[in-house]
Amino acid sequence: MYDVHGKTYGSQGFFEAAHALGVSLIVLGEPDHWLASETYSHLHKEFIALDLSQHTNLPNRIAAAVCGRAIDGIIVTFTDEYVVTTAEAAEILGLRTEPALVMWQAHHKHEMRQLLLSLLDDDNANNKVQAVRLHSAAYLDHPPPANQLAALQYPLGVNPCRGQFSIGVKKVSNEASLRQAVAILGEDNQLAEQGIMLETYISGPELDANFVLLDRAVLFLRSATLAANFAETLQISNTRFPLWEFEAIREKLSQSLRALGFRSWVFHVDARMRKTALRYGLVDVRDGDGEVGGSIIDLIAARESELTRPRHPPLLSMTPSSSRLMSVPLAQEAPGPLCIRTGWTSAPTRSCAR
């Protein structure tokens, strides 16, 4: 989107940063994309017009579009929409990438949830996270899902199996609200195209964790707690979790990423911490003179005694939108573009054969 006040496009800064670092880019996008304009031609080596709205055979069309060019990597847009597609295109071109199948599993909530649930070592039934997949809204009354549904404990989360951000996600507290939420999702054929997931609602503070993995080792981790309204891109602060809870974030979430099959990538993970020493509460906001000027909802210690290391570790659960691959956010304007990095120096020409 164009910012009329700043007189720039939302993703323009990322392209300018890549240009300043000497990174050469080939951009694939719709013919009328702003990057196709001569005004911004200095931000890329080449712009290739490509219809990205049609997903049919898109990996092969991407590979064909750049066939014969000297490239060394594919970078996807800010959203997750093309992550699996570009992994498939990279495999066709013989470029280094995480396996497309692994990418697919990480972006399909039920498959990811089933795998991660198998890692939990908590035998307490009250802490179990349950998950049921509906092929469509109509399956709610079919015998197998209906039997599984009877065993679920409210509150529940209702999610599209393949979605972005928190679109279509609802918390329900009884069967009536469950049926209403499922019916609303079922009306959106695109959102519920790959099914609907019902799962145990996970209470506790929400957090973000950004990981850099290289050959399965954690090179970098930054964790932050979210404000009570969970506006993660607007209100965010450094983590307030005690050290042992931060250690749990590192251990459990990196274990989950490895279990999904990832080895080397940059990840943005959402999770909730249960049995934590923190809770949401009102905190006074003071001005420069120390005078109270209001209050906000923020994370505070539940009790002073809870800031000591507990006997039992906290429970950490990745939320349904978790394991989003944090690809370099080179553009936010849907539906593209895609960016092909040609490197700082000359890169080898790639064959287009599988």
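Each chain has its residues counted from 1, running along the sequence as written. In keeping with the predicted nature of the model, local features appear solely for residues at pLDDT of at least 70, side-chain atom pairs appear and are counted solely at 80 or more, and the whole-chain, interface and lining totals rest on all residues. As a rule here, side-chain values come from all non-hydrogen atoms in the structure, and water together with hydrogens is ignored.

Under the annotation held in an unreviewed UniProt entry, the chain carries the name ATP-grasp domain-containing protein and is attributed to Aspergillus fumigatus.

Caption draft 1: Here's a closer look at the nonpolar core. Here, the term nonpolar core denotes a set of buried Ala, Val, Leu, Ile, Met, Phe, Trp, Tyr and Cys residues that are joined through side-chain atoms within 4.5 Å. Buried residues are those whose accessible area, probed at 1.4 Å on protein chains only, stays under 20% of the maximum for their type, while exposed residues exceed 50% and partly exposed ones sit between those limits. One finds Leu 207, Ala 209, Phe 211, Ile 249, Leu 253, Phe 262 and Phe 267 to be the most contacted residues of the largest nonpolar core, which totals 27 residues. Labels follow the DSSP assignment, with helices taken as runs of H or I lasting at least four residues and strands as runs of E lasting at least two, numbered in each case from the N terminus. Elements supplying a minimum of two residues to this core: helix H3 (83-93), helix H4 (100-106), helix H5 (109-117), strand S10 (206-214), strand S11 (217-226), helix H8 (243-259) and strand S13 (265-274). Boundaries between domains were set according to an automatic or database domain assignment. Here this core spans two domains, and each of domain 1 (2-105) and domain 3 (206-318) adds at least three residues to it. Grouped together as the second largest cluster of nonpolar side chains are 18 residues, Ile 48, Ala 63, Val 66 and Ile 74 included.

Caption draft 2: Main features of the side chain of Arg 162. If you trace the backbone, Arg 162 turns up in the loop between strand S7 (156-160) and strand S8 (170-172). Since its relative accessible area comes to 18%, Arg 162 is described here as buried. Any two residues whose heavy atoms approach within 4.5 Å are treated as being in contact. Other than its neighbours up to four places away in sequence, Arg 162 contacts Asp 80, Glu 81, His 107, His 108, Leu 191 and Gln 194.

Caption draft 3: A look at the packing of helix H2 (residues 58-66) against H3. To get an axis, fit a line to the C-alpha atoms, keeping to the stretch in contact for a helix; angles then go from 0 to 180 degrees between the N-to-C directions. Remark: H2 packs on H3, axes separated minimally by 8 Å, with the N-to-C direction vectors making an angle of 50 degrees. Considering the angle they form, H2 stands oblique to H3. Classified by chirality, the crossing of H3 by H2 is right-handed. Two secondary-structure elements touch here, H2 through Leu 58, Pro 59, Asn 60, Ile 62, Ala 63 and Val 66 and H3 through Thr 85, Glu 88, Ala 89, Ile 92 and Leu 93. Should an angle fall under 35 degrees it is called roughly parallel, over 145 degrees roughly antiparallel, and 65 to 115 degrees roughly perpendicular, with every other angle called oblique. Throughout, a crossing is termed right-handed when the near helix is turned clockwise from the far one, and left-handed when it is turned anticlockwise from it by less than a right angle.

Caption draft 4: Quick peek at the packing of aromatic side chains. Here a Phe, Tyr or Trp ring, Trp counted by its six-membered ring, pairs with any other such ring whose centre lies within 6.5 Å, and the pair is stacked when the planes are under 30 degrees apart, edge-to-face when over 60, and tilted otherwise. Scanning the entire structure with this criterion turns up three aromatic pairs. Geometrically, the ring pair formed by Phe 15 and Trp 34 is edge-to-face, given 6.1 Å between the ring centres and 85 degrees between the ring planes. Of this pair, Phe 15 sits in helix H1 (residues 12-20) while Trp 34 is found in the loop between strand S3 (24-29) and strand S4 (46-49), placing the two residues 19 residues apart along the sequence. Residue classification places Trp 34 among the buried positions, given a relative accessible area of 8%. Geometrically, the ring pair formed by Phe 262 and Phe 267 is edge-to-face, given 4.9 Å between the ring centres and 65 degrees between the ring planes. Of the residues examined, Phe 267 reaches a relative accessible area of 0% and is grouped as buried. Put simply, a charge is over a ring when the Lys NZ or the Arg CZ is close to the ring centre, within 6 Å, and near the line of the ring normal, within 35 degrees. Stacked on the ring of Tyr 201, the Lys or Arg Lys 171 has its end atom at 4.2 Å from the ring centre.

Caption draft 5: Looking closely at unusual backbone geometry. In this structure, Pro 155 follows Tyr 154 across a cis peptide bond, with omega equal to 0 degrees. Examined against the element boundaries, Pro 155 turns out to sit in the loop between helix H6 (143-151) and S7. We note that Asp 215 has phi near 50 degrees; this positive angle belongs to a residue other than glycine. Summarising the element assignment, Asp 215 is placed in the loop between S10 and S11.

Caption draft 6: A look at the confidence of the model for the chain. Every residue is assigned a pLDDT by the predictor, reflecting its confidence on a scale from 0 to 100. Overall, the prediction assigns the chain a mean pLDDT of 76, with 73% of residues at 70 or greater. Mean pLDDT values over the elements of the chain span from 42, in strand S17 (residues 324-325), up to 93, in H2. Ignoring residues within four places in sequence, the model shows residues 320-336, a span with pLDDT below 50, making 74 contacts including any to other chains. Per-residue pLDDT stays below 50 along residues 343-351; that stretch engages in 26 contacts with residues further than four places along the chain or on separate chains.

Caption draft 7: Looking closely at the sheet that holds S8. The rule for pairing is simple: two strands pair if DSSP sees at least two bridges between them. Strand order in the open sheet formed by four strands is S6-S9-S7-S8, and the pairing between neighbours is antiparallel. Each having just a single partner strand, strand S6 (131-134) and S8 make up the two edges of the open sheet. Between one strand axis and the next, the sheet turns through 25 degrees on average, direction left out of account. Of the strand pairs in this sheet, S7 and S8 are connected by three bridges, and their pairing is antiparallel. If you follow Leu 156 over to S8, its bridge partner there is Val 172. Along the sheet, H5 makes contact with S6, S7 and strand S9 (196-200), crossing S6 at roughly 155 degrees.

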